[in-house]
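Spelled out, the chains give:
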Amino acid sequence: MNRIERTKWFLDDRFGMFIHWGLYAIPARGEWVRSREKMSVEDYEEFFEEFNPTNYNPKEWARAAKAAGQKYAVLTTKHHDGFCLFDSKLTDYKATNTPAKRDLIKEYVEAFREEGLKVGFYYSIIDWYHEHYPAFGDRNHPMRDNEDFKDKNIDFDQYLEYMHGQVRELLTNYGKIDIMWFDFSYDDMTGEKWRATELINMIREIQPDIIIDNRLGGNIKSSNPEIYAGDFYSPEQIVPPGGIVDENGEQIPWEACITLNDNWGYHSKDKNYKSPKQVIRTLVECVSKNGNLLLNVGPDAKGLIPDESIEILEVVGKWMRRNGESIYGCTASSLPKPEWGRYTQNGNKLYAHVYDRGIGPIYFAGLKGKIKKARLLADGSELHVQTPWMAEQYSDIESGAFINLAGAQLPDEMDTVIELELFDN
Ligand code: H79
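Named according to an unreviewed UniProt entry, the protein chain is alpha-L-fucosidase originating from Lederbergia wuyishanensis. Per UniProt, the comment on the protein chain under Sequence similarities (unreviewed entry) is "Belongs to the glycosyl hydrolase 29 family." Under the Function (unreviewed entry) heading, UniProt states for the protein chain: "Alpha-L-fucosidase is responsible for hydrolyzing the alpha-1,6-linked fucose joined to the reducing-end N-acetylglucosamine of the carbohydrate moieties of glycoproteins."

Caption draft 1: Main features of the pairing of strand β7 (residues 291-297). By the criterion of burial, β7 is predominantly enclosed, with seven of the seven residues buried. Taking every second residue as pointing to the same face, both faces of β7 are buried, with G291, L293, L295 and V297 on one and N292, L294 and N296 on the other. As defined by bridge partners, strand β1 (residues 15-19) adjoins β7 across five bridges and the pair is classed as parallel. For G16, the partnering residue across the bridge sits in β7 and is L294. As defined by bridge partners, strand β6 (residues 254-259) adjoins β7 across six bridges and the pair is classed as parallel. Residue I258 lies in a different strand from β7, and its bridge partner there is L295.

Caption draft 2: Local environment of the domain arrangement of the protein chain. Segmentation of the protein chain into domains returns domain 1 (3-326) and domain 2 (341-422). For domain 1 and domain 2, the distance between their C-alpha centres works out to 40 Å. Carbon and sulfur atoms supply 54% of the area that domain 1 and domain 2 bury against each other, a total of about 1,300 Å² over both sides. Three residues, R281, E325 and S326, lead the burial of domain 1 against domain 2; their summed loss comes to 36% of the area buried on that side. Linking domain 1 to domain 2 there are two salt bridges. E413 is the salt-bridge partner of K277, the closest N and O atoms lying 3.3 Å from each other. Here domain 1 is connected to domain 2 by seven residue pairs in polar contact (both at pLDDT 80 or more).

Caption draft 3: Local environment of the pattern of salt bridges. The tally for this structure, following the rule as stated, stands at 26 salt bridges. For E285, the salt bridge is made with R342, and the minimal N-O distance between the two is 2.7 Å. Placement of E285 in helix α9 (residues 276-288) and of R342 in strand β8 (residues 341-346) is noted, with a sequence separation of 57 residues between them. For E285, a relative accessible area of 12% puts it in the buried group. Salt bridges sharing partners connect three or more residues here, namely D157, E161, R195 and E198.

Caption draft 4: How the structure looks around helix α4 (residues 41-50). Within the sequence span of α4, burial applies to Y44, F47 and F48. Looking straight down α4, one finds that the buried residues subtend no more than 105 degrees of arc, so they occupy a single side. Away from the buried face of α4 by more than 90 degrees, exposed residues E42 and E49 are located. The elements touched by buried residues of α4 are α3 (33-36).

Caption draft 5: The arrangement of the UniProt feature "domain: Glycoside hydrolase family 29 N-terminal" (unreviewed entry) in the protein chain in detail. Taking the UniProt record as the reference, the feature "domain: Glycoside hydrolase family 29 N-terminal" (unreviewed entry) is found at residues 7-325. With 31% helix and 12% strand, residues 7-325 has end C-alpha atoms that lie 19 Å from one another.

Caption draft 6: Spatial organisation of unusual backbone geometry. The residue after D183, namely F184, is reached through a cis peptide bond having omega -20 degrees. Secondary-structure assignment places F184 in the loop between β4 (179-183) and α8 (196-206). For D187, which is not glycine, the phi torsion reads 45 degrees and is therefore positive. Looking at where D187 falls in the secondary structure, it is placed in the loop between β4 and α8. When its relative accessible area of 48% is taken as the criterion, D187 is described as partly exposed.

Caption draft 7: Structural view of the site of the ligand. Around the ligand, the structure places 13 residues, and the nearest of them are H20, E31, H79, D183 and E236. Here W32 contributes a side-chain N or O atom positioned 3.0 Å from an oxygen atom of the ligand. With respect to the ligand, the side chain of D183 contributes an N or O atom lying 2.8 Å from a nitrogen atom.

Caption draft 8: Region of interest: the packing of aromatic side chains. For the structure on display, the rule yields 30 aromatic pairs. Ring plane angle 50 degrees and centroid distance 5.0 Å describe the contact between F18 and W181, whose orientation is recorded as tilted. Highlighted residues: F18 in strand β1 and W181 in strand β4, separated in sequence by 163 residues. Assessed through its relative accessible area of 1%, W181 is described here as buried. Aromatic side chains Y133 and F156 sit 6.0 Å apart centroid to centroid with 65 degrees between the ring planes, which places their arrangement in the edge-to-face category. With Y133 in the loop between β3 (118-124) and α7 (156-172) and F156 in helix α7, this residue pair connects regions lying 23 residues apart in the sequence. Overall, Y133 belongs to the buried group, its relative accessible area being 1%.

About the thresholds
- Residues numbered from 1 in each chain as written.
- Predicted model: local features only at pLDDT ≥ 70, side-chain atom pairs only at ≥ 80, totals over all residues.
- Heavy atoms only, no water.
- UniProt positions renumbered as here; feature names shortened; annotations may be inferred.
- Buried < 20%, exposed > 50% of the residue type's maximum accessible area, 1.4 Å probe, protein only.
- Helix = DSSP H or I, 4+ residues; strand = E, 2+ residues; numbered from the N terminus.
- Pairing = 2+ DSSP bridges.
- Domains from an automatic or database assignment.
- Buried area = accessible area lost by both parts, 1.4 Å probe.
- Salt bridge = Lys/Arg side-chain N within 4 Å of Asp/Glu carboxyl O.
- Polar contact = N/O pair within 3.5 Å; in protein donor to acceptor, adjacent residues only side chain to side chain.
- Arc of directions from axis to C-beta.
- Contact = heavy atoms within 4.5 Å.
- Near = heavy atom within 4 Å.
- Phe/Tyr/Trp six-rings, centres within 6.5 Å; stacked < 30°, edge-to-face > 60°.

So this is what it looks like as structure tokens:
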């Protein structure tokens, strides 16, 4: 399989759930807490001894994702703090040895598969727990300024054996896995420093169809990318303004990963949530530029997704049930961005996402004589394409089309979708 074949389902699905969960849910100050507060392993140990998510029910997570219209999920099997949610034979620093006493990844995989969702693993190639990962002088390590770590002998190959071994475990012990989401390369910690070619060859041997992000390094935009340059580009906390193309101007699969508030891991004080409208428009923005959206939730120490996040997902899901056809299987349109909103397209179906009602009929530049039928996507109701009174005196009726929309307000102020069925040329 090549990249185009591997990523087909991914580009059709468009919308996934990112889940950041680990020991950091207990201090509840985000997943970088150990680094930001320069906590030692000992400072962090109480959370390991205490981790007991009595409300962990991944079936509930999977139902929430599915109801939101998400088609796949990616969960942190290990974040930068090195703590493993899975029962790795290569470490004792795992959920199995906490009061949780079990492999939490196994339950996640089973629950999401059962709901018909595709399953992905996030795995941090950075590790602040492993004794052979660079600490002193590293850019991010919690002990980066601690002189006690200055003369410590590091055998990075031992870390690489561990890291490669864990990836092998993850891709061997849980059946078919759809996405491998590595995080991340920096400075000279990139590409072959991770023995990336060898790692990719192993992965492709175990899971030939899996798709892999671009964070092992390399240049995915190259016309001749490294084997480890990845299947998709992974912009973080941004929707790339112009989409993403390679050196030859060809589209590259990409997925924007975005938080619902300002943290990936659970943060009890961070209530700065986006609105459902922002989330819906961000998803549309991605699809209108040929991209995916991986939307994050950070379950708390008990294993519950915050109520605020659940409520946003419910509203998004309600919109998706009525308007999902304008997202799934859709791509960018060749038409320029319209003044009232965005376009997405699937074959001869053009979806007009109207954000701005304006006054009077909605104007569609360049579509005169090209619209076979117009319907309000949310309920399938008929809309009329007609040239308004005296329009020839003040509009481009040569090439433009008009559609009447009843009422002074949009039927859905978050995003009213008009489905335009176009004539086959
Ligand atoms: O897992 C999520 C993040 O923890 C991870 N990638 C996503 C998917 C990530 N690691 N690093 N970064 C993102 C970028 C680095 C951000 C930083 Fe900072 C700015 C590190 C130090 C300053 C944010 C603010 C984190 C700590 C303080």
